[in-house]
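# Examination of the molecular architecture
Listed here are the chains, written in short residue letters.
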Amino acid sequence: MDIRFREKLSLRIQHLAGWITFPVWGSALIGIMRFGARYKVEQLHQIRKQYKQLKKSVEGPVLVCSNHLTKIDSAIINWSLVSVWTYMRSFKFFSWNLPERANFYNNFFLRTLCYLGSCVPIDRGGNREAVKKSLDKVTYLLRKGHPVTVFPEGGRSRTGRVDVEGFSYGVGRLVNKVKDCHVLCIYLRGHNQETYSGMPKRGARFHLEMTMIKPESVHAGLRATKDVAEQIVNQLALMEQAYFATCGQ
Amino acid sequence: MTQDEVFGKVVEILSKYSKSDLPADKINMETSILDDLKINSARLVDIVLDFEDVFDIEVDDDDADSVITVGDGVKLIVSKL
């Protein structure tokens, strides 16, 4: 179902406000990650180049699906994929995301940062009308060509590994609702990140791997939803296996 | 199939996913699948897929969203039989 004009307008205003103020909050956020917490993303230049190539290689909407270990994964992904200068020139590259309302909307500062940082809050496991409303907004954004980042597991991996059993199927529904939707699977992990946490450890070095897929299902309805979600999570699990085979802990 | 028979089979399906200690004989039409049976919302799709298999029906995404209580599930199945 499409969203109402008022909601579309509100998303446009949010996007514009995020762009206008990005030089302040974006630089501060990335500055804190780089210099305050001393985070480093390995092969940042190559990652950005690869992202640009992958985006160019497909037509249509791109949904970014990542494994999820810390509360700032989406910030690290946005930092890794595109440079600050590119965001300043064109904020359309900045990915929208769906943070859990309970984690990020409990104080004014975080709420403002999430608003400016293109977030559409979601109440996971909460009122299904409200969840549906958030998903409808994201579906609209994807159809309009905005990148959107979601975590298909539906939460941070409690075991520290991609959860191929208890994941949420919402991502499958999203992909099936958006015509020609490609999925950019991202495996992100700090080398010293043993399991899930709030924030990565100070000085963490991140490994980021990505691959573009186009999940399809021979089924229809709910079965297709499940099938597509499984394909995405299984891809992330494969990337995790490759990570441990090469970088191993 | 009567509503009572459908109810019995629905309770059987739900018991596979339930993490609550609520005994089967205490489950009624008003029992909330998420809150009372403590079933993870992500598993609702699996439950509805089980409904499809057991009752040989087809349920779309929007109909699946309407299943909040045991009674919602039973009514949905009865309407599709």
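Just so we're clear, the structure is a prediction, and the values are computed from it rather than from any experiment. (Residues numbered from 1 in each chain as written. Chains lettered and ligands numbered in written order. Predicted model: local features only at pLDDT ≥ 70, side-chain atom pairs only at ≥ 80, totals over all residues.)

Further remarks concern the overall build of chain A. Looking only at helices and strands, one finds 9 helices and 6 strands in chain A. Taken over C-alpha atoms, the radius of gyration comes to 17 Å for chain A, in line with the 18 Å a tight globule of 249 residues would show. The buried share of chain A, taken over its 249 residues, is 38%. (Helix = DSSP H or I, 4+ residues; strand = E, 2+ residues; numbered from the N terminus. Rg over C-alpha atoms; globule rule 2.2 N^0.38 Å. Buried ≥ 20, exposed ≤ 12 C-beta atoms within 10 Å, placed from the backbone.)

Moving on, we get to the pairing of strand E5 (residues 182-190) of chain A. All names here are of chain A. With 9 of 9 residues buried, E5 lies mostly within the body of the structure. A two-sided burial pattern is seen for E5, the buried positions comprising His182, Leu184, Ile186, Leu188 and Gly190 on one face and Val183, Cys185, Tyr187 and Arg189 on the other. Of the strand pairs in this sheet, strand E2 (residues 62-66) and E5 are connected by 5 bridges, and their pairing is parallel. Of the residues in E5, the one forming a bridge with Leu63 is Val183. For E5 and strand E6 (residues 205-213), the ladder comprises 8 bridges, and the chain directions are antiparallel. Bridge pairing in E6 links Gly190 to Phe206. (Pairing = 2+ DSSP bridges.)

All names here are of chain A. Counted at 1.5 Å a residue, the expected span for helix H7 (residues 128-143) with its 16 residues is 22 Å, and the 22 Å between its end C-alpha atoms agrees. Listed in full, the buried residues belonging to H7 are Leu135, Lys137, Val138, Thr139, Leu141 and Leu142. On its buried face, H7 sits against helix H1 (5-36), E2, strand E3 (96-97), strand E4 (148-150) and helix H8 (170-177). Phi turns positive, to about 95°, at Gly145, one or two residues after H7. (Expected span 1.5 Å × (residues − 1). Contact = placed C-beta atoms within 7 Å.)

Where helix H9 (residues 221-246) of chain A meets helix H2 (residues 44-55) of chain B, the axes come as close as 10 Å, and the angle between the chain directions of the two elements is 140°. Taken together, the axis directions place H9(A) and H2(B) in an arrangement best described as oblique. Once H9(A) is placed against H2(B), the crossing between them reads as left-handed. Facing A:Leu222, A:Arg223, A:Thr225 and A:Lys226 of H9(A), the residues of H2(B) in contact are B:Val45, B:Val48 and B:Leu49. Looking at the contact of H9(A) with H2(B), its residues break down into 4 nonpolar, 1 polar and 2 charged. (Axes fitted to C-alpha atoms, helices over the stretch in contact; angles between N-to-C directions. Parallel < 35°, antiparallel > 145°, perpendicular 65-115°, else oblique. Left-handed = near helix turned anticlockwise from the far one by under 90°. Nonpolar A, V, L, I, M, F, W, Y, C, P; charged D, E, K, R; others polar.)

In this section: the environment of A:Pro99. Residue and element names in this part refer to chain A. By the secondary structure assignment, Pro99 is in the loop between E3 and helix H5 (101-104). The class for Pro99 is buried, based on 20 C-beta atoms found within 10 Å. Dropping the residues within four chain positions of it, Pro99 is found in contact with Phe104, Cys114, Cys119 and Pro121.

Turning to the sheet that holds strand E1 (residues 40-41) of chain A, a few remarks are in order. Residue and element names in this part refer to chain A. Sheet architecture is open: 6 strands sit in the order E1-E6-E5-E2-E4-E3, paired in mixed fashion. Each end of this open sheet is capped by a strand with a single partner; those strands are E1 and E3. Note that E1 and E6 share 2 bridges and pair parallel. Within E6, the position partnered with Val41 by the bridge is Phe206. The strands touched by helix H3 (residues 73-81) within the sheet are E1, E2, E3, E4, E5 and E6, with E5 carrying the most contacts at an inclination of about 110°. On top of the sheet, H9 reaches E2, E5 and E6; it is set at about 35° to E5, its chief contact.

Next up on the list: the interface of chain B and chain A. In this complex, chain B contributes 13 residues to the contact, which on the side of chain A involves 14 residues. Elements with a contribution of two residues or more to the side of chain B that touches chain A: H2 and helix H3 (61-65) of chain B. For the side of chain B that touches chain A, a count of residues per class yields 7 nonpolar, 2 polar and 4 charged.

Turning our eyes to something else, we now look at the packing of H8(A) against H9(A). Residues and elements named next belong to chain A. Between H8 and H9, the least distance of the axes is 7 Å, while the angle of their chain directions is 105°. Here H9 runs roughly perpendicular to H8, going by the angle between their axes. Contacts between H8 and H9 involve Val171, Gly172, Arg173, Val175 and Asn176 from the first element and Ala224, Thr225, Lys226, Asp227, Val228, Ala229 and Ile232 from the second. Residues that form the contact of H8 with H9 fall into these classes: 6 nonpolar, 3 polar and 3 charged.

Turning to the confidence of the model for chain B, a few remarks are in order. Mean pLDDT for chain B: 89, with 100% of residues reaching 70 or above. Of all the helices and strands in chain B, H3(B) carries the lowest mean pLDDT, 83, while helix H4 (residues 70-80) of chain B carries the highest, 92. (pLDDT = per-residue confidence, 0-100.)

Attention now moves to H8(A). Most of H8(A) sits inside the fold, with 7 of its 8 residues counted as buried. Residues of H8(A) that are buried in the fold lie against E2, H7, E4, E5 and H9 of chain A together with H3 of chain B.

Attention shifts here to the nonpolar core. Core analysis: the biggest nonpolar cluster contains 74 residues, and A:Leu63, A:Cys65, A:Val138, A:Ile232 and B:Val48 have the highest contact counts within it. Among the elements that make up this core, the one with the highest residue count is H9(A) (7 residues). Aside from chain neighbours lying at most four places away, what touches A:Ile232 is A:Cys65, A:Pro152, A:Val171, A:Val183, A:Cys185 and A:Pro215. (Core = buried A, V, L, I, M, F, W, Y, C linked by C-beta atoms within 7 Å.)

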